[in-house]
Amino acid sequence: MTGQQSIQFERAPHIISAASVVGKKEGEGPLGHKFDLICEDAMFGEDSWEKAESTLQKEALQTALGKVKLLPSEIRYLFGGDLLGQLIATSFGVMDTNIPMFGLYGACSTCGESLSLGSMSVAGGDAGYADHVAAVTSSHFASAEKQFRFPLDYGNQRPLAATWTVTGSGAFVLAVKGGHARITGVTPGKVVDYGVKDSMNMGACMAPAACDTIYQNLMDFNRQPDAYDKIITGDLGYVGQRILIDLLKEKGFDISGVHMDCGIEIFDRETQDTHAGGSGCGCSAVTLASMILPKI
């Protein structure tokens, strides 16, 4: 245990595989050439948005396992989740793998949550917790809009502060050794609510919690922002990024020189009409798998 709420691993788990599967719009964005699979059909050959999202997860997990030639039976635990009620995209997507599963609902932080809990299991390998675990998450623009906002047929006008839910799934395999990137520590966040009630401005809703988590990480590990090559958030977008930087400056830390947001990276703001950027569970997951990990 390190500081007030962090963990530093004595034996850091390795990320030995990562895979990203996305939809057509994501494939047309700046990271399009980096994804493992781009599907031109938003339904992914299914007859509902929810089934399409399950197919996303199934493809991402199979791809991640295939890269390291592991069978589902060789994965001790699966940590997975999505944005839908009862985690139906995950439940039906990974059901046939028969891997013992921890279902997670961390909303847009599910990628980070699944990697955090998975790494804790692998780091405890001396106690026999797990040699290999998988982490998977997804989101789908149409299934998310249907559940949280407006049916697509309604055709409502999106405000400029709104983000665009990414259609994509990211999957990762963690192990005791064998990778080129490691998870050396974890700082879980807390619920931080400034009372923002606009569901179409999620960047403003999430920025205070992001600020608190980054601040606590810097305090717990006794670091300055320039200790990191990048401080990366999942999907604050352009609005949330500005708020995050301002809030951290009030706490004495300037991260403007090293901050990157996956929601800003995944779409082209000028040509793709996504307003404040990308969002959803799949946003940070596919950006981590396709863009960030290959740079480490």
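The preceding data block contains the structure.
What counts and how
- Residues numbered from 1 in each chain as written.
- Predicted model: local features only at pLDDT ≥ 70, side-chain atom pairs only at ≥ 80, totals over all residues.
- Heavy atoms only, no water.
- Helix = DSSP H or I, 4+ residues; strand = E, 2+ residues; numbered from the N terminus.
- Buried < 20%, exposed > 50% of the residue type's maximum accessible area, 1.4 Å probe, protein only.
- Areas by Shrake-Rupley, 256 points an atom, 1.4 Å probe, with all protein chains shown as cover.
- Lys, Arg positive; Asp, Glu negative; His and termini not counted.
- Charge placed at Lys NZ, Arg CZ, Asp CG, Glu CD.
- Phe/Tyr/Trp six-rings, centres within 6.5 Å; stacked < 30°, edge-to-face > 60°.
- Lys NZ or Arg CZ within 6 Å of the ring centre and 35° of its normal.
- Expected span 1.5 Å × (residues − 1).
- Core = buried A, V, L, I, M, F, W, Y, C linked by side-chain atoms within 4.5 Å.
- Contact = heavy atoms within 4.5 Å.
- 1 Å grid on protein atoms, 1.4 Å probe; cavity = no way out; pocket = protein on both sides within 12 Å on 5 of 7 lines; lining within 4 Å.
- Points joined across faces, edges and corners; volume = space filled by probe spheres on them.
- Nonpolar A, V, L, I, M, F, W, Y, C, P; charged D, E, K, R; others polar.
- Polar contact = N/O pair within 3.5 Å; in protein donor to acceptor, adjacent residues only side chain to side chain.
- Salt bridge = Lys/Arg side-chain N within 4 Å of Asp/Glu carboxyl O.

Peer 1: Would you mind going over the overall build of the protein with me for this structure?
Peer 2: A count of helices and strands for the protein gives nine helices and 13 strands. Considered along the principal axes of its C-alpha atoms, the protein spans approximately 55 × 50 × 35 Å. A total of 296 residues make up the protein; the buried ones form 54% of that total. Counting only carbon and sulfur atoms, one obtains 52% of the accessible surface of the protein, whose full area is about 13,700 Å². Here the protein contributes 23 positive and 34 negative side-chain charges, whose respective centroids are spaced 4 Å apart.

Peer 1: Can you help me understand the packing of aromatic side chains in this one?
Peer 2: When we look at a pair of aromatic rings, we describe it by the centre distance and by the angle of the planes. In the structure shown here, the tally under the stated rule is four aromatic pairs. Each ring, one from Tyr77 and one from Phe102, has its centre 5.6 Å from the other, and the planes form 70°; the classification is edge-to-face. Pair noted here: Tyr77 is in strand S4 (residues 77-81) and Phe102 is in strand S5 (residues 101-103), with a separation of 25 residues, a long-range link. Its relative accessible area of 42% is what places Phe102 among the partly exposed residues. An angle of 5° between the planes, with centres 4.0 Å apart, marks the rings of Phe141 and Trp164 as stacked. Here Phe141, found in helix H5 (residues 141-148), pairs with Trp164, found in strand S7 (residues 164-165); they are 23 residues apart in sequence, far enough to count as distant. The class of Phe141 is buried, set by a relative accessible area of 12%. Grouping aromatic residues by their ring pairs yields a cluster made of Tyr77, Phe79 and Phe102. Directly above the ring of Tyr215 sits Lys251, whose terminal nitrogen or CZ lies 4.7 Å from the centroid. For Arg269, the ring lying beneath its charged end belongs to Tyr238, and the centroid distance is 3.9 Å.

Peer 1: What am I meant to see in helix H2 (residues 49-67) here?
Peer 2: It helps to recall that an α-helix has 3.6 residues per turn; residues three or four apart then point in one direction. With 19 residues, H2 should cover 27 Å at 1.5 Å per step; its first-to-last C-alpha distance of 27 Å lies within 8% of that length. All buried positions along H2 are accounted for by Glu50, Ala52, Glu53, Ser54, Thr55, Leu56, Gln57, Ala60, Leu61, Ala64 and Leu65.

Peer 1: Help me out: how do you make sense of the nonpolar core in this one?
Peer 2: The nonpolar side chains of a soluble globular protein tend to be buried with one another. Ranked by size, the top nonpolar core spans 34 residues in total, and within it Leu115, Phe172, Leu174, Ile183, Ile266, Leu288 and Leu293 carry the most contacts. When contributions to this core are tallied by element, the ones reaching two or more residues are strand S2 (14-22), helix H4 (110-123), strand S6 (132-139), strand S8 (168-175) and helix H9 (281-292). The element that contributes the greatest number of residues to this core is H9, accounting for seven residues. What Phe172 contacts, discounting residues up to four positions off in sequence, is Ile15, Ser17, Ala18, Cys111, Leu115, Val133, Ala134, Ala135, Ala285, Leu288, Ala289 and Leu293. Counting 21 residues, the second largest nonpolar core, distinct from the first, contains Ala19, Val21, Val94 and Ile99.

Peer 1: Honestly, the layout of surface pockets in this entry has me stumped. Any pointers?
Peer 2: A water-sized probe, rolled over the atoms, reveals where empty space remains. The calculated volume of the second largest pocket comes to roughly 160 Å³. Surrounding the second largest pocket, Gly23, Lys24, Lys25, Glu26, Cys39, Glu40, Ala42, His140, Phe141, Ala142, Trp164 and Thr167 form its lining. If you list the elements that add at least two residues to the lining of the second largest pocket, you get helix H1 (24-27) and H5. Of the residues forming the lining of the second largest pocket, the biggest block, three residues, is contributed by H1. Across the lining of the second largest pocket, the residue classes tally to five nonpolar, three polar and four charged.

Peer 1: Just to check I follow, could you spell out the environment of Ser6 for this structure?
Peer 2: Residue placement: Ser6 occurs in the segment before strand S1 (7-8). Under the relative-accessibility criterion, Ser6 is labelled buried at 4%. On a C-alpha basis, the gap between Ser6 and Met219 in space is 9.7 Å, while along the polypeptide they are 213 residues apart. Within the structure, Ser6 has its side chain in polar contact with the side chain of Asp220 (distance 2.7 Å).

Peer 1: I'm lost on the side chain of His14 in this one. Help?
Peer 2: Looking at where His14 falls in the secondary structure, it is placed in strand S2. Given the relative accessible area of 15%, His14 is considered buried. Among the polar contacts made by the side chain of His14, one reaches the main-chain amide nitrogen of Gly179 at a distance of 3.1 Å.

Peer 1: Just checking my understanding: could you explain the pattern of salt bridges for this structure?
Peer 2: Pairing is possible between side chains of opposite charge, provided their charged atoms come close. Applying the stated criterion across every chain yields a total of seven salt bridges. For Glu50, the salt bridge goes to Lys146, with nearest N and O atoms at 3.1 Å. Of this pair, Glu50 sits in helix H2 while Lys146 is found in helix H5, placing the two residues 96 residues apart along the sequence. Residue Glu50 is classed as buried on the basis of its relative accessible area of 18%.

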